[in-house]
Amino acid sequence: MKTESVSKTKKLARQKLAALPFDRKLDALISLQKTARDMIVASGRRFSGIVWRATAK
Amino acid sequence: MSHGILGKPLQVINQLVAGNLLLDYAIGGGVAALYYTEPVLTYDFDIICRFPTQGELIDPSPVYNKLKELGYNFGVEDRVMIQGVPLQFIPASHGLMEEALDKALPVRICGVKTRILRVEYLAAIMLNLYRPKDRAKLDLIINNESVSFDHGLFKNILERYGLNEKWKRFNEN
């Protein structure tokens, strides 16, 4: 795939993500938080963020 | 009516407003960025707010006392945990932040009526803060064509709050 085409595809994908319903974006945010936590822990560092819902009472 | 993960925190904040413990508030920070653009990593739910004042003094303690009374726990840097979401109350300082709060838009999030900073003010605040995480989010907002962005208003805000130089620097990087 040509570079120009890759960048166009990426741009369109980002536009689609921005247009998602907010509830779905929140689900994506929590997935991002979990991924960040797992990567930080796997690299032996201390995770100082908070994964939402994980501590829900 | 759907009550997603932000439903309960927003209900609690609305309860604080109804009880006159907060005068006004709007969603800001990473969650506001998430509202307008693609999913972006954030850990805090930032609330830009106006506390009742006595002269120049801001006293947030009635809010914190009420939250404690409701059984919510406080974490680092005055974050309060409401159903697993770390909430941070940020007083709207004079100037840009205050105007941003005044111009916030009414929206419904997770089934709850609330207000959110306009994207142009959010971008201006991020530019003003200029931390790496703010610049990253600003880049996502500015460079996503599906974000409805009033460039005239943004330019006007930059002009009035002396942010043109920072904007120039941001675009050079």
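Residues numbered from 1 in each chain as written. Chains lettered and ligands numbered in written order. Predicted model: local features only at pLDDT ≥ 70, side-chain atom pairs only at ≥ 80, totals over all residues. Heavy atoms only, no water.

(A) Examining the overall build of chain B more closely. Counting its secondary structure elements, chain B contains eight helices and nine strands. A compact globule built from 173 residues would reach a C-alpha radius of gyration of about 16 Å, and chain B, at 16 Å, matches this within 12%. Referenced to the eigenvectors of the C-alpha coordinate spread, the extents of chain B come out at roughly 50 × 40 × 30 Å. Burial statistics for chain B: of 173 residues in total, 50% are counted as buried. Within chain B, contacts between residues separated by at least 24 positions form 66% of all contacts whose residues are at least 6 apart in sequence. Of the side-chain charges in chain B, 19 are positive and 20 negative, and the distance between the mean point of each set is 3 Å. (Helix = DSSP H or I, 4+ residues; strand = E, 2+ residues; numbered from the N terminus. Rg over C-alpha atoms; globule rule 2.2 N^0.38 Å. Buried < 20%, exposed > 50% of the residue type's maximum accessible area, 1.4 Å probe, protein only. Contact = heavy atoms within 4.5 Å. Lys, Arg positive; Asp, Glu negative; His and termini not counted. Charge placed at Lys NZ, Arg CZ, Asp CG, Glu CD.)

(B) Summary view of the packing of helix 1 (residues 7-18) of chain B against helix 3 (residues 61-69) of chain B. Residues and elements named next belong to chain B. Relative orientation of the contacting elements helix 1 and helix 3 amounts to 130 degrees, with a least axis distance of 11 Å. Considering the angle they form, helix 1 stands oblique to helix 3. Judged by the twist between their axes, the crossing of helix 1 over helix 3 is right-handed. The segment helix 1 lies against helix 3, with V12, Q15 and L16 engaging V63, K66 and L67. For the contact of helix 1 with helix 3, the class distribution of residues is four nonpolar, one polar and one charged. (Axes fitted to C-alpha atoms, helices over the stretch in contact; angles between N-to-C directions. Parallel < 35°, antiparallel > 145°, perpendicular 65-115°, else oblique. Left-handed = near helix turned anticlockwise from the far one by under 90°. Nonpolar A, V, L, I, M, F, W, Y, C, P; charged D, E, K, R; others polar.)

(C) How the structure looks around the environment of V112 of chain B. Position of V112 of chain B relative to the elements: it lies in strand 9 (residues 112-116). Taking the relative accessible area as the measure of exposure, V112 of chain B reaches 6% and is therefore buried.

(D) A look at the interface of chain A and chain B. Counting residues at the interface gives 25 residues for chain A and 32 residues for chain B. Summed over both sides, the interface between chain A and chain B buries roughly 2,400 Å², with carbon and sulfur atoms accounting for 66% of that surface. At the junction of chain A with chain B, the criterion picks out two salt bridges. In this structure, E145 of chain B engages K11 of chain A in a salt bridge whose closest nitrogen and oxygen atoms are separated by 2.8 Å. Listing elements by their share of the side of chain A that touches chain B, those giving two or more residues are helix 1 (3-18) and helix 2 (22-42) of chain A. No other element matches helix 2 of chain A, which puts 10 residues into the side of chain A that touches chain B. For the side of chain A that touches chain B, a count of residues per class yields 15 nonpolar, four polar and six charged. (Buried area = accessible area lost by both parts, 1.4 Å probe. Salt bridge = Lys/Arg side-chain N within 4 Å of Asp/Glu carboxyl O.)

(E) Representation of the pairing of strand 2 (residues 45-50) of chain B in the model. Residue and element names in this part refer to chain B. Of all six residues in strand 2, five are buried, a share of seventy percent or more. Sheet topology note: the strand 1 (residues 24-27)/strand 2 ladder contains four bridges and is antiparallel. Residue pairing in the sheet places Y25 in a bridge with C49 of strand 2. In terms of strand pairing, strand 2 meets strand 7 (residues 85-91) through five bridges, oriented parallel. Pairing of I48 across the sheet is with I90, part of strand 7. (Pairing = 2+ DSSP bridges.)

(F) Molecular detail of the side chain of E120 of chain B. Residues and elements named next belong to chain B. Along the chain, the position of E120 falls in helix 5 (residues 119-129). Accessibility expressed as a relative area gives 3% for E120, which makes it buried. Here the side chain of E120 touches R118 through a polar contact of 3.1 Å, side chain to side chain. A polar contact of 2.7 Å, which involves the side chain of E120, links it to the backbone nitrogen of D150. (Polar contact = N/O pair within 3.5 Å; in protein donor to acceptor, adjacent residues only side chain to side chain.)

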